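# Chain and residue survey
Take a look at the letters that make up each chain.
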Amino acid sequence: MSFTFKQFHIDDEQCGMAVSTDAVILGAWAELTQSQYILDIGAGSGLLSLMAAQRSPEKTHITAVELDTAAANACKHNIEQSPWPQKVQLFHGAIQDYQQQFDKSITPLFDHIICNPPYFEQGTQAKNSARADARHTNTLSFAELQKAISQLLAPQGNASIILPQQSLASFIQQLDGHGLFVAKHLEIISAEGKSPNRSILVIQHALTTERQTSENTSKTQYLQMAIRNKQSGYSQTMIDLCRPFYLKL
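This one's a predicted model, so the numbers in the text were calculated from it and none came from an experiment. (Residues numbered from 1 in each chain as written. Predicted model: local features only at pLDDT ≥ 70, side-chain atom pairs only at ≥ 80, totals over all residues. Heavy atoms only, no water.)

A separate point is the pairing of strand E4 (residues 61–66). With respect to burial, E4 is a largely interior element, five of its six residues being buried. Bridging between strand E3 (residues 37–41) and E4 involves five bridges; their strand directions are parallel. Pairing of Tyr-37 across the sheet is with His-61, part of E4. A crossover connection joins E3 to the parallel E4 through helix H2 (residues 47–55); in handedness this β-α-β unit is right-handed. Considered for its hand, the β-α-β crossover made up of E4, helix H3 (residues 69–81) and strand E5 (residues 88–92) is right-handed. (Buried < 20%, exposed > 50% of the residue type's maximum accessible area, 1.4 Å probe, protein only. Helix = DSSP H or I, 4+ residues; strand = E, 2+ residues; numbered from the N terminus. Pairing = 2+ DSSP bridges. Right-handed = clockwise from strand over helix to strand, strands pointing away.)

Residue position: Glu-66 is located in strand E4. One polar contact links the side chain of Glu-66 to the main-chain amide nitrogen of Gly-44, over a distance of 2.6 Å. (Polar contact = N/O pair within 3.5 Å; in protein donor to acceptor, adjacent residues only side chain to side chain.)

Before going further, it helps to examine the packing of aromatic side chains. Applying the stated criterion across every chain, the model contains 11 aromatic pairs. With 5.2 Å between their ring centres and 80° between their planes, Phe-142 and Phe-171 make a pair best called edge-to-face. In this pair, Phe-142 sits in helix H6 (residues 142–152) while Phe-171 sits in helix H7 (residues 165–175), placing the two residues 29 residues apart along the sequence. The class for Phe-171 is buried, based on a relative accessible area of 0%. Members of the aromatic cluster, connected to one another through ring pairs, are Phe-3, Phe-5, Phe-8, Trp-84, Tyr-234 and Tyr-246. (Phe/Tyr/Trp six-rings, centres within 6.5 Å; stacked < 30°, edge-to-face > 60°.)

What follows is the structure, encoded as structure tokens:
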């Protein structure tokens, strides 16, 4: 399938995961407008990279990392056809491989890392291997993702991650071991009056010299947004957030 946004087009036919509301909310909400170096881990079709390109300054450098060959090809095509081919560079390979070859004396650490990661550590997997890998932590565990963030994120940088509620506890429990903590926690509910089913976490390096982990945790800012109102239309928050991207808003 394909999806046309106001300023770019996404062809995701060969990708394990199609364009999703989750990804759009993440790309629209993450604080990217002042970022100079952005890393998109598990870029897939390139949606988040291109949303970042639309929202960031002209001289921003965006690196899209994608392991799956078919998805990487789609990502490359979508970048080339976008208004910002000069802003986005594709690395075809695993984030673990990118870490090994990364040289901060040549490339600055990233002031923002964005990721719509494999969600599930357990559970039934899709027969399609590309979709299974996109949804489950087969090729990128939470620990490996957090290690990458810890090593590649600038000291004052932010990493924005979206996860389902059932994966939150496991993900958050592992952060301390990588010197990270949750600075902001946005709960996403499908409609007003319902319980949250997704969360965006803004992750930062923990301050370990003057503040303990408990003090970092106490600084977490909690927010909430609904995708739809009680009349089943988009909420005003969703409209305002996605108007720069969705054609019909």
